[in-house]
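Summary of the model geometry
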Amino acid sequence: SNRSAVELQKCIGAALVSNIYVSALVRNRVCDGPTQDVLVLPYSCFGDLQSRSANTDNKTGTEFNFNMETYWQATGRIEAKQIAEAVCTALHCS
């Protein structure tokens, strides 16, 4: 459901902001989506977030798919890769 997707996004956002590696790279700049309000680079934001039913015969479930977008200052991709790696580590370890 849409409510579950919003709750999941809030939990993921909180996990990212509280992770020391993500924080070291983007501080608390993890936002709902690309925005003009975030003027300080780098930052990460949620892109598309989709949910679909994943029910089985005896269990109710939902599958969620989402992506994260990163915006950075430097020329090249090194900073973006560092942020992406920190995000992956934060989500796999929390």
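In short, a report on the structure. Per chain, residue numbering runs from 1 following the sequence as it is written. Local features are withheld for residues below a pLDDT of 70 in this predicted model, meaning they are given only at 70 or higher, and side-chain atom pairs are given and counted only at 80 or more; totals for whole chains, interfaces and linings count all residues. Hydrogen atoms and water are omitted, and side-chain values are computed over all heavy atoms in the structure.

1. Comments concerning the nonpolar core
Stated formally: By nonpolar core we mean a set of buried residues, namely Ala, Val, Leu, Ile, Met, Phe, Trp, Tyr and Cys, connected to one another through side-chain atoms within 4.5 Å. Relative accessibility decides the category of a residue: with a 1.4 Å probe and only protein chains considered, values under 20% of the type maximum give buried, values over 50% give exposed, and everything between is partly exposed. Helix and strand definitions follow DSSP, with helices as H or I runs of at least four residues and strands as E runs of at least two, each counted in order from the N terminus. Working rule for contacts: check all heavy atoms of both residues, and any pair within 4.5 Å makes them a contact.
The biggest cluster of nonpolar side chains holds 10 residues, and these are Ile-12, Leu-16, Val-22, Val-26, Val-30, Phe-46, Ile-83, Ala-86, Val-87 and Ala-90. Sorting the residues of this core by element identifies helix H1 (2-18), helix H2 (20-26) and helix H3 (78-93) as the ones contributing at least two each. Top element by residues in this core is H3. It accounts for four residues. Not counting residues up to four positions away in its chain, the partners in contact with Ala-86 are Tyr-21, Val-22 and Leu-25.

2. Things to note about unusual backbone geometry
In this structure, Pro-42 follows Leu-41 across a cis peptide bond, with omega equal to 0°. Its location among the elements puts Pro-42 in the loop between strand E1 (30-31) and strand E2 (43-53). Despite not being glycine, Arg-27 has its phi angle at roughly 60°, a positive value. Along the chain, the position of Arg-27 falls in the loop between H2 and E1. Among the residues examined, Arg-27 registers a relative accessible area of 46% and is labelled partly exposed.

3. Some words on the sheet that holds E1
Here is the rule: The pairing criterion for strands is at least two bridges between them, as found by DSSP.
Taken in spatial order, the three strands make up an open sheet running E1-E2-E3, and their pairing is mixed. Sheet topology places E1 and strand E3 (62-71) at the edges, where each strand pairs with a single neighbour. As paired strands, E2 and E3 are joined by nine bridges and run antiparallel to one another. Looking at E3, one finds that Phe-46 is bridged to Met-68.

4. Focus: the side chain of Ser-44
Keep this limit in mind: Counting of polar contacts relies on pairs of N or O atoms within 3.5 Å, with two restrictions inside protein: one atom must be capable of donating a hydrogen and the other of accepting it, and residues adjacent in sequence are counted only when both atoms are side-chain atoms.
Position of Ser-44 among the secondary structure elements: in strand E2. For Ser-44, a relative accessible area of 2% translates into the label buried. A distance of 3.2 Å separates the side chain of Ser-44 from the side chain of Thr-70, its partner in a polar contact. Once you skip the residues sitting within four places of it in the chain, Ser-44 turns out to touch Val-26, Arg-29, Val-30, Cys-31, Met-68, Glu-69, Thr-70 and Ile-83.

5. Points about the environment of Ile-20
Mapped onto the elements of the fold, Ile-20 is located in helix H2. Under the relative-accessibility criterion, Ile-20 is labelled exposed at 60%. Here the alpha-carbon distance between Ile-20 and Ala-86, two residues 66 residues apart in the chain, equals 9.0 Å.

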